[in-house]
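Coordinates in review
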Amino acid sequence: MCFGNGLVTSKVDVWRGRKKMIIPTFNQKILNSYTDALQKHSKRFVSDVERSYDGNSIQLLPKIWNHALNGFCETFADIDADLVVGQDQYLTNVRRFEELVLERCLKPWLYPNFTFKHSPLGKETTKLSENIWPFVTQLMNLKKMTLCDNSDDDLKKKRHLNHLFSLLAEKYMEEEDVAAELQNMILASTETTSYSSGFTFLALAMHPEIQKNVQNELDSIFGTSDRDITLEDVINMEYLERVIKESLRLFPSVPFVMRNMDKTIEIDSHVFPAGADIVVAIMNIHMRPDLWPDPWKFDPDRFLPEETEKRHRCAFMPFGHGSRVCAGVKMAMTMMKITLSTLLRKYDVKPVSYKSLKEIQLDYAVFMMPKDECQVVLEKRKK
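Residues numbered from 1 in each chain as written. Predicted model: local features only at pLDDT ≥ 70, side-chain atom pairs only at ≥ 80, totals over all residues. Heavy atoms only, no water.

**Here we look at the environment of Tyr354**
Stated precisely, the cut-off is as follows: Numbered from the N terminus, helices here are DSSP runs of H or I no shorter than four residues, and strands are runs of E no shorter than two. Residues count as neighbours in contact if any of their non-hydrogen atoms are within 4.5 Å of one another. What qualifies as a polar contact is a pair of N or O atoms within 3.5 Å, subject to a donor-acceptor requirement within protein and to the restriction that residues adjacent in sequence count only when both atoms come from side chains.
Topologically, Tyr354 is positioned in the loop between β6 (347-351) and β7 (362-364). Each C-alpha atom, one on Tyr354 and one on Asn56, is 15 Å from the other, the two residues being 298 residues apart in sequence. In contact with Tyr354, not counting residues within four places along its chain, are Leu202, Met206, Glu359, Ile360, Gln361 and Asp372. A polar atom in the side chain of Tyr354 sits 3.4 Å from the backbone nitrogen of Gln361.

**Details of the state of the cysteines**
The line we're drawing: When two cysteine sulfur atoms lie within 2.5 Å, the pair is treated as a disulfide. Under the scheme applied here, a residue whose accessible area is under 20% of the maximum for its type counts as buried, over 50% as exposed, and between as partly exposed, the area being computed with a 1.4 Å probe on protein chains only.
All chains considered together, the criterion is met by 0 disulfides. With no disulfide of its own, Cys314 has Cys326 as its nearest cysteine by sulfur position, at a separation of 16 Å. A relative accessible area of 22% places Cys314 in the partly exposed class.

**Quick word on the sheet that holds strand β9 (residues 375-380)**
The cut-off we apply is this: A pair of strands is considered paired only if DSSP assigns at least 2 bridges between the two.
Strand order in the open sheet formed by 3 strands is β1-β9-β6, with antiparallel pairing between adjacent strands. Each edge of the open sheet carries a strand with a single partner, namely β1 (58-59) and β6.

**Examining the nonpolar core**
To be explicit about the condition: Put simply, a nonpolar core is a bunch of buried Ala, Val, Leu, Ile, Met, Phe, Trp, Tyr and Cys residues held in one set by side-chain atoms that sit within 4.5 Å of each other.
Grouped together as the largest cluster of nonpolar side chains are 98 residues, with contacts concentrated most on Leu60, Tyr90, Ile186, Phe201, Leu343 and Leu378. In terms of residues, this core owes the most to one element, helix α10 (residues 175-206), which gives 14 residues.

**As for the packing of helix α4 (residues 61-74) against helix α5 (residues 87-105)**
Keep this limit in mind: In this analysis, axes come from line fits to C-alpha atoms, helices being fitted only over the stretch in contact, and the angle between any two N-to-C directions falls in the range 0 to 180 degrees. What sets the label is the angle itself: under 35 degrees gives roughly parallel, over 145 gives roughly antiparallel, 65 to 115 gives roughly perpendicular, and the rest give oblique. Each crossing gets its handedness from the near helix: less than a right angle anticlockwise from the far helix is left-handed, clockwise is right-handed. When residues are sorted by character, Ala, Val, Leu, Ile, Met, Phe, Trp, Tyr, Cys and Pro go into the nonpolar class, Asp, Glu, Lys and Arg into the charged class, and all the rest, Gly among them, into the polar class.
Where α4 contacts α5, the axes come no closer than 10 Å and their chain directions differ by 110°. On the basis of the axis angle, α4 is roughly perpendicular to α5. By crossing handedness, the relation of α4 to α5 is classed as right-handed. Between α4, through Trp65, Asn66, Leu69 and Asn70, and α5, the contact on the second element is made entirely by Gln87, Asp88, Tyr90, Leu91, Val94 and Arg95. For the contact of α4 with α5, a count of residues per class yields 5 nonpolar, 3 polar and 2 charged.

Take a look at the structure:
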């Protein structure tokens, strides 16, 4: 009801054909063209923080997610975010909807649709769904008003929502399919990267020496200048990328994935029959001592090229693996680098509630987030 039948949630018969149609929107040239818009909204995120910060602790996560959503509007949707309304309520509704999904999962007596539909939980879910979709409809209506503006720009034509509308015009998709794909992409791109950025801020707050290394790298790139971030700058943030990966190892925003077995396989005398539903516990794999010695130690150098080569390719998979791996891995890393670096160029981040990573309390619905919504203290940097 909330996600629709989009690329993330659809069954394989729909997904296979849909992926072939949509994957061109993840062309690297198209993704590279998003850098300026992402920088714009990261700067707005920092300005928002500065306006509301009173010197005490601040919860960064709601602001990160809000500005990530606005960044999505100007990149994937190719819409002026200043024309969009209702972002805060949309995000609140989505989060509550995801909580209800989890609650239903934990109550088997609500599995039958008839029982669920007539339960208080089902009624609240239906109401939330009715309140969530109008935001997606708003984006589609705004896009319809500006479609003619992109006629001479080939890169803009291939941006996600523009491309979906071209598929709609050619009768390859219905309007409800476009809405579902847009909804899937909003949540898959903004919620996961926001939570992962939040976890990374918390980890850096508890590891000031690593935070200093990140800032030294940023200083080597920008010096004392406050100029905007370029694509080349993003590429040069090598140490920050290793920091983000180490944070993703410890706190993947998608801690497990579920799959349906399309054929019977045997692993170490255990038989997994065709048709069975299985859970791949990504978070557990990321904490295996045989793959990651001293797993609770926050060590970005685990992701030096020579160290990565030593590990099995499935030892680290915060974006999934195989044919249904997240298509936007590179885009997600770019979004997080820009968000993190924009704040860290101006501020030191210090912990409030936690002294070690083990103490971080986790909240889970469809995605995993820090329960304190990334509560930190900020201190103006002295260069």
